[in-house]
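Residue-level structure breakdown
Read off the chains here:
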Amino acid sequence: MTFEEFGEFIGSQEGAAPKAVPPGTPPPSAIIGAALPRIDGPLKTTGTARYAADYNFPGLVYAVPVRASVASGKITSIDSSTAERMPGVLLVMHHGNIMPLYRNASGGRNSEARPAFEDETVAYWGQYVAAVVAETFEQAQAAAAAVRVNYAPASFNVSPVLSDTLPPEGQPGGPQVLSHRGDTDAAFASAAVQVDEVYVTPAETHNPMEMHATVAVWDGKKYTLYETSQGVMNHRTVLAQVLGEPKENVEVVSRFIGSGFGGKLFPWPHSAIAAAASRKLNRPVKLTLSRKMMFSNSGHRPRTQQRMRLGATADGKLVSLQQDYRNHTSFGDDIRENCGEATPFLYSTANLKVTSALVRRNVGTPTPMRGPGAVPGLFALESAMDELAIKLKMDPVQLRISLDTLTDEEKNKPFSSRHLKECLEVGAERFGWSKRTPEVGSMRKGDLILGWGVAAASWGANRGLCEASLSLQSDGTARLSCGTQDIGTGTYTVIAQMVSDKTGIPVDKISVVLGSSSLPPGPTSGGSTATSTIIPAVIDAANAATKVVLTVASNTKGSPFKGTDPASLGFTSGRVHAKDQPASSGVPYSEILKTANLASANGDGKSGGLGADPKARGYSTHSFGAQFVEVEWDPGIAKLRVSRVVSVVDGGRILNMRTARNQMEGAIVMGVGMGLFEETIYDQRNGHAINDNFADYIVPTIADVPQIDVHFLDIPDFVINEYGARGIGEIGMAGVAPAITAAVYHATGIRVRKVPVRIEDLLGPKSSDA
Ligand code: MOS
């Protein structure tokens, strides 16, 4: 899903518009922005936190999928007779005997249009064709290997070259114009300086530490699904539809999640397979994906091929910018990677065009991966900008600053808050950019050649619908509940900080309850929007709950404030007091509640979507960043290493400096993976994602991690919410890979336009063209 579609999905829903920040609202307390350790950290480090596959129930049995061994064709027969006779085997499920599973048209988002085992069609290697359920995991695994599936194979295509002949622009199946202004052809043709190159980004597989898993429990009426989901509410909506049940008969639980990177945004077919097996056997069923299955059955970032044409005047004015890109998608789904996400507004230019085309391959359905669209798109745009700077003999930081604009020239709206220029300036200062000599190979450190590169980054800011409930309890603790989830990023912690800020109750007396679809509906953890979405609802709930306390204080016999107008009372540091007196003069709210014989005072809050917010309509809302990279190139042994990264991020106000920095560090490591290591390779002989393991699919290890300096501008954006926090899950990644290849050019003189950079690319100009 593109960011725009994500915005439509979460941001444009009708809902209560948020209350504008009243003038004179005091700045938040010091807890907002504090570098607080994760409140769930001790549960995780002691092994107490339960992840999806950690749930066990009496009578639990195990499901193991059988996967297609062809990339395209029809199943002609399934012989499960041997498997069914094996020890412990309870069920072999396939399209011939599974209970009805339905497609989803519910308003929720599913990953694949087709439910599991819909028919005999196979569209990619590894597609689930059957599942074996047995008493133990080992029995299920052995029996799954004994299921014989026969196919009528058809021809297939997993070519990494996306140059297929397509219908003309605007025709069905041809390139679609996503953005257009001015006359790019004429402006490009007459430009004094031109860049016209093709950039390629690979298929990448999400490899969160915690793999996908479902534990499904059918109790005769209701399904409880223990999942690792970035969106428990959406998962519930979709699975209710797929299973043909009312929503109240499905509960989705994800209390702790070992990350997702987008791969867990929307349900995959294994969830319904586990649910169906549980119903059929009337036993709890655990289905865990292996790391190998993760490479075929739960999404990937699609491969892209992007032609960039930049035209500039000799003094560096950008007169034309055109991006014509393609991405691969599967045969079952139209997944458009929105590579033009940032192109129309990042730099000032009168003439601009973005076109997008889909190229079908026999691969599993692609899905968003951290910074979907923008990350591969900015690899192309920022690489082309570096090439332009070199042709212009301009400093790449200066070129970007000179093309900065405070107006979104596509939407003709000002940005709510744009500080890209400051990101570039502050980053240059922290990195020591002024010491850079631009000549290729001119910077040395002993035997090593240093390369310095830079790239800009951008990612949209949005806000969706959310409800939250706060319970101020008579024992002096508070409980905030919301049907969102913490994917490891710190959502539990920042919510506790919000509640503490609004009530003055210390964080260690606040419990945050997330990760179940039975809670008040909360947002998907995606698109860097969860935090910005939750803020108004939590503030609203806190205001409502404290108001209840003040009302109780004013009308309860025995309360020191009996008979006082509640409007004259304040709630500070967890105490009720006269507004014109300090908090210390008042009494703890818990005493008021005890006096009134109340267990708790409760408040419900709501956030409305940004798209329904009249105040926000006048603005273009985005985060910005700049990444500076140093590489060390050792030509003697052909060794390339990213040695240093400075990342400066304009993500609005930062709620927690520790968890935020942690996100940026992770994004840099992931960016190093994109720049140097990661690529899912499909075997041309059979369509198998052949490097489907950690020996052959290389991700950065600690030895590959550079020295990292993260800096936040920390400038609040009050169009987004009262705290001015935009969300930062993805902005830290976009500039890393293009800054790496820019640095590689600076060190070696070799321009690598296809990531990941391979050693053979750097052995000589000839080999890089091969
Ligand atoms: Mo992110 S790709 O929205 O998890």
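Everything quoted here is computed from the prediction, not taken from an experiment. Here the residue numbers are simple positions, counted from 1 along each chain's written sequence. Local features in this predicted model are restricted to residues of pLDDT 70 or higher, and side-chain atom pairs are both shown and tallied only at a pLDDT of 80 or more, whereas totals for entire chains, interfaces and linings draw on every residue. Where side-chain values are given, they derive from all heavy atoms of the structure, hydrogens and water being excluded.

Considering the overall build of the chain
Across its full length, the chain holds 19 helices and 29 strands. Scaling as 2.2 N^0.38, a compact globule of 770 residues should have a C-alpha radius of gyration of about 27 Å, and the chain matches this with 27 Å. Across its three principal directions, the C-alpha atoms of the chain cover 90 × 75 × 55 Å. Counting over 770 residues, the chain shows a buried share of 62%. At a minimum sequence separation of 6, the contacts of the chain that also span at least 24 residues come to 80%. Here the chain displays about 27,800 Å² of accessible surface, and carbon together with sulfur accounts for 52% of that area. We count a stretch as a helix when DSSP gives it H or I for four or more residues in a row; a strand needs E for two or more, and each element gets its number in order from the N terminus. Radius of gyration: over C-alpha atoms. The globule rule applied is 2.2 Å multiplied by the number of residues raised to the 0.38 power. The buried label goes to any residue with under 20% of its type's maximum accessible area, the exposed label to any with over 50%, and the partly exposed label to all in between, with areas taken from a 1.4 Å probe on protein chains only. Any pair of residues with heavy atoms lying within 4.5 Å of one another is described as a contacting pair. Note on areas: these come from Shrake-Rupley sampling with a 1.4 Å probe, and a residue is covered only by the protein chains present in the view.

Points about the pairing of strand 29 (residues 707-712)
Strand pairing requires that DSSP identify at least two bridges connecting the strands. Note that strand 28 (residues 639-650) and strand 29 share 6 bridges and pair parallel. The partner of Ser-647 across the bridge, within strand 29, is Val-710. A crossover connection joins strand 28 to the parallel strand 29 through helix 17 (residues 657-677); in handedness this β-α-β unit is right-handed. Seen with its strands pointing away from the viewer, a crossover is right-handed if its path from the first strand over the helix to the second goes clockwise.

Side note on the environment of Gly-371
With respect to the helices, strands and loops of the structure, Gly-371 is situated in the loop between strand 15 (352-360) and helix 10 (374-392). The sequence separation of Gly-371 and Asp-404 amounts to 33 residues, and the corresponding C-alpha distance is 22 Å. When sequence neighbours within four positions are dropped, the list of residues in contact with Gly-371 reads Arg-301, Pro-376, Trp-459 and Glu-730.

A closer look at the nonpolar core
What makes a nonpolar core is a set of buried Ala, Val, Leu, Ile, Met, Phe, Trp, Tyr and Cys residues whose side-chain atoms join them at distances within 4.5 Å. Residues Leu-310, Leu-388, Phe-628, Val-631 and Ile-740 are the most contacted members of the largest nonpolar core, which totals 89 residues. Formed by 48 residues, the second largest nonpolar core is a distinct cluster that contains Val-512, Ala-537, Ala-542 and Ile-592.

Side note on the packing of helix 6 (residues 232-243) against helix 7 (residues 269-281)
To get an axis, a line is fitted to the C-alpha atoms, and for a helix only the part in contact is used. The angle between two axes follows their N-to-C directions and goes from 0 to 180 degrees. Two elements in contact, helix 6 and helix 7, have axes whose closest approach is 11 Å; the angle formed by their N-to-C orientations is 55 degrees. As judged from the angle between their axes, helix 6 and helix 7 are oblique. With respect to the hand of their crossing, helix 6 and helix 7 are arranged in right-handed fashion. On the side of helix 6, the interface is formed by His-235, Leu-239, Val-242 and Leu-243, while helix 7 contributes Ser-271, Ala-272 and Ala-275. Three classes are used: nonpolar for Ala, Val, Leu, Ile, Met, Phe, Trp, Tyr, Cys and Pro, charged for Asp, Glu, Lys and Arg, and polar for all others, with Gly counted as polar. Class assignment for the residues of the contact of helix 6 with helix 7 results in 5 nonpolar, 2 polar and no charged. Comment on the angle field: the value is read as roughly parallel under 35 degrees, roughly antiparallel over 145, roughly perpendicular from 65 to 115, and oblique elsewhere. Handedness of a crossing is defined here by the sense of rotation of the near helix relative to the far one, left-handed for an anticlockwise turn of less than a right angle and right-handed for a clockwise turn.

Observations regarding the packing of helix 13 (residues 491-503) against helix 14 (residues 530-555)
Think of two packed helices as two axes; the pair is described by the angle between the axes and how far apart they sit. Relative orientation of the contacting elements helix 13 and helix 14 amounts to 35 degrees, with a least axis distance of 9 Å. Note that helix 13 runs across helix 14; the crossing there is right-handed. Of the residues in helix 14, those touching helix 13 at Thr-491, Val-494, Ile-495, Met-498, Val-499, Lys-502 and Thr-503 are Thr-531, Ile-534, Ile-535, Val-538, Ile-539, Ala-542, Asn-543 and Thr-546.

Here we look at the side chain of Glu-730
As for its placement among the helices and strands, Glu-730 is situated in the loop between strand 29 and helix 18 (736-748). The sign given to each residue is positive for Lys and Arg and negative for Asp and Glu; His and the chain ends receive no count. Salt bridges are defined by distance alone: a side-chain nitrogen of Lys or Arg within 4 Å of a carboxyl oxygen of Asp or Glu. Within the buried core, Glu-730 has no salt-bridge partner, and the shortest N-O distance to an opposite charge, that of Arg-370, equals 6.2 Å. With near-sequence residues (within four places) excluded, Glu-730 lies in contact with Arg-370, Gly-371, Pro-372, Trp-459, Gly-526, Gly-527 and Ser-528.

Re the pattern of salt bridges
Scanning the model with the defined rule gives 33 salt bridges in all. Arg-283 is the salt-bridge partner of Glu-135, the closest N and O atoms lying 2.9 Å from each other. Of the two residues, Glu-135 sits in the loop between strand 5 (128-134) and helix 4 (137-146) while Arg-283 sits in the loop between helix 7 and strand 12 (285-288), which places them 148 residues apart along the sequence. On the basis of relative accessible area, Glu-135 is assigned to the partly exposed category, the value being 32%. Between Arg-360 and Asp-334 there is a salt bridge whose closest N-O contact spans 2.4 Å. Linking Arg-360 in strand 15 with Asp-334 in the loop between strand 14 (318-329) and helix 9 (343-346), this pair joins segments that are 26 residues apart in sequence. For Asp-334, a relative accessible area of 55% corresponds to the exposed category.

Focus: the sheet that holds strand 18 (residues 443-445)
Read from one edge of the open sheet, 5 strands run 18-19-27-28-29, paired in mixed fashion. If you trace the sheet from one side to the other, it starts and ends with strand 18 and strand 29, each paired once. Each strand of the sheet is rotated relative to its neighbour by a mean of 30 degrees, with strand direction disregarded. Note: strand 27 (residues 622-634) against strand 28, 11 bridges, orientation antiparallel. The partner of Gly-625 across the bridge, within strand 28, is Val-649. Along the sheet, helix 17 makes contact with strand 28 and strand 29, crossing strand 29 at roughly 130 degrees.

Things to note about the packing of aromatic side chains
Stacked, tilted and edge-to-face pairs are distinguished by plane angle, under 30 degrees for stacked and over 60 for edge-to-face with tilted covering the rest, among Phe, Tyr and Trp rings (Trp via its six-membered ring) whose centres lie within 6.5 Å. One pass over the full model with this rule turns up 16 aromatic pairs. Considering the side-chain rings of Tyr-199 and Phe-379, the 6.3 Å spacing of their centres and the 85 degrees angle between planes classify their relative orientation as edge-to-face. Residue Tyr-199 is located in strand 8 (residues 193-201), and its partner Phe-379 is located in helix 10; the two are separated by 180 residues in the primary sequence. Looking at Tyr-199, the relative accessible area reads 0%, which means it is buried. Exposure remark for Phe-379: the relative accessible area of 0% places this residue in the buried category. Taken together, the ring pairs connect Phe-431, Trp-433, Trp-452 and Phe-628 into an aromatic cluster.

Describing helix 17
Any helix carries an expected span of 1.5 Å times its number of residues minus one. Relative to the 30 Å expected for 21 residues at 1.5 Å per residue, helix 17 spans 29 Å between its end C-alpha atoms, a close match to the ideal helical length. Each polar contact in these results corresponds to two N or O atoms within 3.5 Å; when the atoms are within protein, one needs to be able to donate a hydrogen and the other to accept it, and residues that are neighboring in sequence are counted only if both atoms are side-chain atoms. The opening residue of helix 17 is Asn-656, an N-cap whose side-chain oxygen sits 2.8 Å from the backbone nitrogen of Arg-658.

A word on the pairing of strand 10 (residues 223-227)
Where a strand is regular, its side chains alternate between the two sheet faces. For strand 10, the tally of buried residues reaches 5 of 5 residues, placing the bulk of the element in the interior. Side chains Tyr-223, Leu-225 and Glu-227 project from strand 10 onto one buried face, and the interleaved Thr-224 and Tyr-226 project onto a second face that is buried too. Bridge analysis of strand 9 (residues 213-218) against strand 10 gives 5 bridges, and the strand direction is antiparallel. Across the sheet, Thr-214 pairs through a bridge with Glu-227, a residue of strand 10. Hairpin geometry of strand 9 and strand 10 is characterised by an intervening segment of 4 residues between the two adjacent antiparallel strands and by a positive phi of about 100 degrees at Gly-220. Relative to strand 11 (residues 250-253), strand 10 runs parallel, the two sharing 4 bridges. The residue bridging Tyr-226 from the neighbouring strand is Val-253, located in strand 11.

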